Amino acid sequence: MSTLTPDLRPASLPPVAQLPVRGGEHALLDALESEAVHIIRETVAELERPVLLFSGGKDSVVMLHLAAKALWPARVPFPVLHVDTGHNFPEVLAFRDRAVERYGVELVVARVQDYLDDGRLRERADGTRNPLQTLPLLEAIAAHRFDGVFGGGRRDEDKARAKERIVSLRDDFGQWDPRNQRPELWRLYNTRHRPGEHVRVFPLSNWTELDVWRYVAREGIELPSLYYAHEREVFERDGMLLTPGPWSRPRPGEVTTARRVRYRTVGDMSCTGAVLSEAVDVQEVLAEVAASTVTERGATRADDRLSEAAMEDRKKEGYF
């Protein structure tokens with residue numbers, strides 16, 4: 001799918017960046033964009049109440065950009081849903097709110113803190129709230145009767161995500177059964193479901209982290225500043241650089257120092273680590289990602305290190 005020319009682009013989309021892209025990469029991005037646009041259009045046509053999971057992170061930002069392109073000249077007709085752990089980076093929350101206003105979409109927020117306050121959830125001993133997002137997510141889906149949930153999950157991130165189809169059926173408890181998945185031949189996607197069930201839809205399934213960054217560069221997509229190198233107070237724990245804060249305090253022997261870092265993913269502050277970096281713009285980030293041999297989740301997410309099957313266990317319970 002070719003990029004819209006600047007004079008025909010919807011006002012809510014950023015201008016295309018004039019950055020060099022080699023021919024093969026350009027063709028690959030066109031193919032990935034075309035596939036994602038097709039998936040979004042088919043889902044919107046077949047379902048009654050879709051929603052897009054939106055945290056302000058790079059994958060969800062690219063998803064919203066693709067939805068705007070897929071459905072232009074109309075505005076994106078469905079809301080975006082953020083499951084707020086209460087431990088989010090302030091910079092990302094501010095970016096989330098600006099993006100929602102820019103694209104003119106409704107924002108639905110499900111707050112983990114509300115569930116802790118009324119006793120439906122309890123804080124974990126390790127302090128991370130990422131695994132606590134499942135119940136607020138499922139109850140938000142039920143309360144708003146969402147029958148299709150767009151997510152930015154990619155198969156290169158984790159073995160469990162590599163197992164999942166582009167359109168993934170969730171039962172009436174919101175659970176995923178990896179042994180009960182539908183075939184997806186010839187780009188035909190089955191969104192049918194019984195009352196109470198819903199489907200999760202992953203248009204970025206076949207993208208890699210490098211593809212996402214190349215697309216960000218080509219499309220001139222704005223991202224939170226955390227994705228680029230900046231100086232920040234951090235301390236080291238289990239090989240990760242964490243930011244000190246009310247919910248992530250250094251333990252005895254853990255020294256806080258100012259380091260030049262950036263984030264490859266922007267989840268819960270208590271379990272998301274930074275990486276040392278001098279990459280201050282998208283081209284320098286591209287060079288870093290191209291040289292990396294570890295996915296962003298494997299390198300910087302403590303919640304995915306709990307066990308070999310940490311992600312799959314959470315997905316079976318209804319996680320993203």
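Residues numbered from 1 in each chain as written. Predicted model: local features only at pLDDT ≥ 70, side-chain atom pairs only at ≥ 80, totals over all residues. Heavy atoms only, no water.

### Section: the overall build of the protein chain
Looking only at helices and strands, the protein chain has ten helices and ten strands in total. When the accessible area of the protein chain is evaluated, it comes to approximately 14500 Å², of which 52% is carbon and sulfur surface. (Helix = DSSP H or I, 4+ residues; strand = E, 2+ residues; numbered from the N terminus. Areas by Shrake-Rupley, 256 points an atom, 1.4 Å probe, with all protein chains shown as cover.)

### Description of the layout of surface pockets
Put simply, the second largest pocket is a space of about 250 Å³. In terms of lining, the second largest pocket is formed by 16 residues, of which the most central are I141, A142, F146, G196 and E197. The greatest single-element share of the lining of the second largest pocket, amounting to three residues, is contributed by helix α5 (residues 134-144). Class assignment for the residues of the lining of the second largest pocket results in six nonpolar, four polar and six charged. (1 Å grid on protein atoms, 1.4 Å probe; cavity = no way out; pocket = protein on both sides within 12 Å on 5 of 7 lines; lining within 4 Å. Points joined across faces, edges and corners; volume = space filled by probe spheres on them. Nonpolar A, V, L, I, M, F, W, Y, C, P; charged D, E, K, R; others polar.)

### Examining the sheet that holds strand β8 (residues 240-242)
The strand order across the open sheet built from four strands is β8-β7-β9-β10, with neighbouring strands paired in antiparallel fashion. Of all the strands in the sheet, just β8 and β10 (275-276) have a single pairing partner and so form its edges. Summarising the sheet, strand β7 (residues 230-237) and strand β9 (residues 257-262) pair through five bridges and their orientation is antiparallel. Following the sheet pairing, E231 is matched in β9 by R260. (Pairing = 2+ DSSP bridges.)

### Some words on the pattern of salt bridges
Once their charged atoms are close, side chains differing in charge can pair, the charge on each being opposite to the other. One pass over the structure, following the stated rule, counts 23 salt bridges. R218 serves as the salt-bridge partner of D30, at 2.7 Å between the closest nitrogen and oxygen. Of this pair, D30 sits in helix α1 (residues 23-46) while R218 sits in helix α7 (residues 209-219), placing them 188 residues apart in sequence. Residue R218 is classed as buried on the basis of its relative accessible area of 4%. In this structure, R124 and D126 form a salt bridge, with 2.8 Å as the shortest nitrogen-oxygen distance. One salt-bridge network, held together by shared partners, links D30, E33, K69, R218 and E219. (Salt bridge = Lys/Arg side-chain N within 4 Å of Asp/Glu carboxyl O. Buried < 20%, exposed > 50% of the residue type's maximum accessible area, 1.4 Å probe, protein only.)

### A word on the pairing of strand β3 (residues 107-111)
Of the two faces of β3, the one holding V108 and A110 is buried and the one holding L107, V109 and R111 is not buried anywhere. Here strand β2 (residues 80-84) pairs with β3 via five bridges, running parallel. The residue bridging L81 from the neighbouring strand is V108, located in β3.

### Re unusual backbone geometry
Each neighbour pair has its own omega, and for W72 with P73 the value is 15°, a cis peptide bond. When you line up the elements, P73 lands in the loop between α2 (58-71) and β2. Of note, the phi angle at R187 is positive, near 60°, even though the residue is not glycine. Its location among the elements puts R187 in the loop between β5 (167-170) and β6 (198-201). In this structure R187 comes out as partly exposed when scored by relative accessible area, which is 40%.

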